[in-house]
Every structure is written in structure tokens, then in C-alpha cells.
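Residue-level structure breakdown
Listed here are the chains, written in short residue letters.
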Amino acid sequence: MLPVPHLILASASPARLTTLRRAGLNPEVIVSDVDETAVFGPTPAATAELLATMKAEAVVGRIEPVPGTVVLGCDSLLELDGQALGKPETTEAATERWRAMRGRTGVLHTGHCLMEPATGRRAVATASTTVRFADVTDAEIGAYVATGEPLRVAGAFTIDGRGGAFVEGIEGDHHNVVGVSLPLLRRLCAALGIAWTALWELPA
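As recorded by an unreviewed UniProt entry, the protein chain carries the name Nucleoside triphosphate pyrophosphatase and is attributed to Sporichthya brevicatena. Per UniProt, the comment on the protein chain under Subcellular location (unreviewed entry) is "Cytoplasm". According to the UniProt record, the Cofactor (unreviewed entry) comment for the protein chain is "a divalent metal cation".

1. Quick look at the pattern of salt bridges
Under the definition given, this model contains six salt bridges. Arg102 is paired through a salt bridge with Asp138; the nearest N and O atoms lie 2.7 Å apart. Of this pair, Arg102 sits in the loop between helix H3 (91–101) and strand E5 (105–115) while Asp138 sits in helix H4 (residues 138–146), and the two are 36 residues apart along the sequence. Since its relative accessible area comes to 24%, Arg102 is described here as partly exposed.

2. Side note on the environment of Asp35
Summarising the element assignment, Asp35 is placed in the loop between strand E2 (28–29) and helix H2 (44–60). Given a relative accessible area of 45%, Asp35 falls into the partly exposed group. C-alpha of Asp35 to C-alpha of Leu51: the two residues are 16 residues apart in sequence and 8.9 Å apart in space.

Conventions used here
- Residues numbered from 1 in each chain as written.
- Predicted model: local features only at pLDDT ≥ 70, side-chain atom pairs only at ≥ 80, totals over all residues.
- Heavy atoms only, no water.
- UniProt positions renumbered as here; feature names shortened; annotations may be inferred.
- Salt bridge = Lys/Arg side-chain N within 4 Å of Asp/Glu carboxyl O.
- Helix = DSSP H or I, 4+ residues; strand = E, 2+ residues; numbered from the N terminus.
- Buried < 20%, exposed > 50% of the residue type's maximum accessible area, 1.4 Å probe, protein only.

Have a look at this one:
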């Protein structure tokens with residue numbers, strides 16, 4: 001009998017964890033501690049995928065290769081004017097970011113890397129969702145930045161928090177904007193021969 005898959009999330013993102021839990025999964029969290037500021041790929045999408053892979057690899061290198069364990073690394077970046085935008089970190093950067101984003105459209109890329117420590121197999125892909133931002137006022141930007149929310153998230157916005165009112169529309173997977181694409185993750189599981197439903201935590 002095959003072991004029941006045990007999912008490890010290599011991310012500190014509470015939004016990713018919440019999304020996975022609402023989808024019926026209950027992953028163990030092991031933070032990768034990868035320095036996201038020092039990694040650059042040829043494109044924003046490639047950078048997100050590279051960071052996701054590095055996060056998964058970092059955690060795989062710290063755990064026992066138990067059969068049935070799978071490690072998920074994710075990383076999100078907003079592409080605007082061809083530039084990859086991660087967490088702004090400061091109020092000044094977040095304010096400048098929102099002044100550049102308002103009334104415009106960007107693309108949120110989330111890299112996904114699913115790895116099996118016991119076999120070394122991996123499945124890697126990036127999901128991209130187009131995001132249309134509202135033409136927010138300077139006062140709205142100031143109030144939003146003052147909450148601290150945009151400083152902690154890729155692209156300086158959330159769709160499932162205070163920033164949701166500033167997103168006029170999206171094209172693509174909503175969950176991807178939160179931080180993990182459930183349809184893409186299901187396909188990555190299939191690529192490794194893992195049934196998506198086998199990851200569900202059944203009620204006690």
C-alpha cells in the first residue's frame with residue numbers, strides 16, 4: 001500500500017496556508033529562509049519559478065527523505081512594465097509602488113515547485129494572473145500603506161484583505177493572486193503520480 005502523502009509548505013505566508021487549508025489540505029509549515037532579494041531570472045515569471053524551486057530545495061535539504069512526503073515551494077511577484085516587484089518592505093516604497101500601479105494592469109506570477117525528497121522527482125510551473133488596479137486616490141494609498149498590509153506581500157497588495165477593494169478585476173486564477181494556484185498544484189501532483197484528493201485531510 002502506498003503511503004498517504006504528507007505535504008510540507010516551504011513558505012511563511014499565512015495566506016498560502018489558509019488557502020490550502022480551505023481546500024481541504026493541512027500542510028506542515030517549514031520556512032525556507034531563502035533570501036528573495038538576491039535572486040533574478042531572465043523574466044519576472046522565471047524569477048518566481050526559480051525562487052519557488054530554491055525554497056523547496058532548501059527545505060528538502062533539511063528533512064529526512066521519507067517516502068510519501070512532498071514539499072511545496074511557492075513565490076509570487078508582480079510584473080509591471082516588465083519589472084519584477086516583490087514585497088516593498090518600506091512605507092515609502094509601498095507608496096511609490098501604488099502610485100505607479102493605480103489605474104493600470106499588472107501580471108501576478110506565482111512559481112510553484114513540488115518535490116519528493118525520497119525520489120528527487122520534482123514538478124515545476126508558474127501560474128500568471130492579470131490584475132486590474134483601481135485608480136485610487138493619494139488619500140486611499142496613504143491609508144492603505146499605514147495599515148502595514150502592503151509592506152508584507154508581493155506586489156504591495158492583497159485580494160483577500162484590505163487591498164481587495166482596490167482590485168477592479170482579474171483574468172485567471174483567483175487563488176494564484178492569494179499566493180498558490182490550486183488548479184496548477186493539482187496538475188503538479190498528477191505529474192508526480194499523486195492524487196489530489198489523497199492530500200485532503202478527512203474529518204475526524
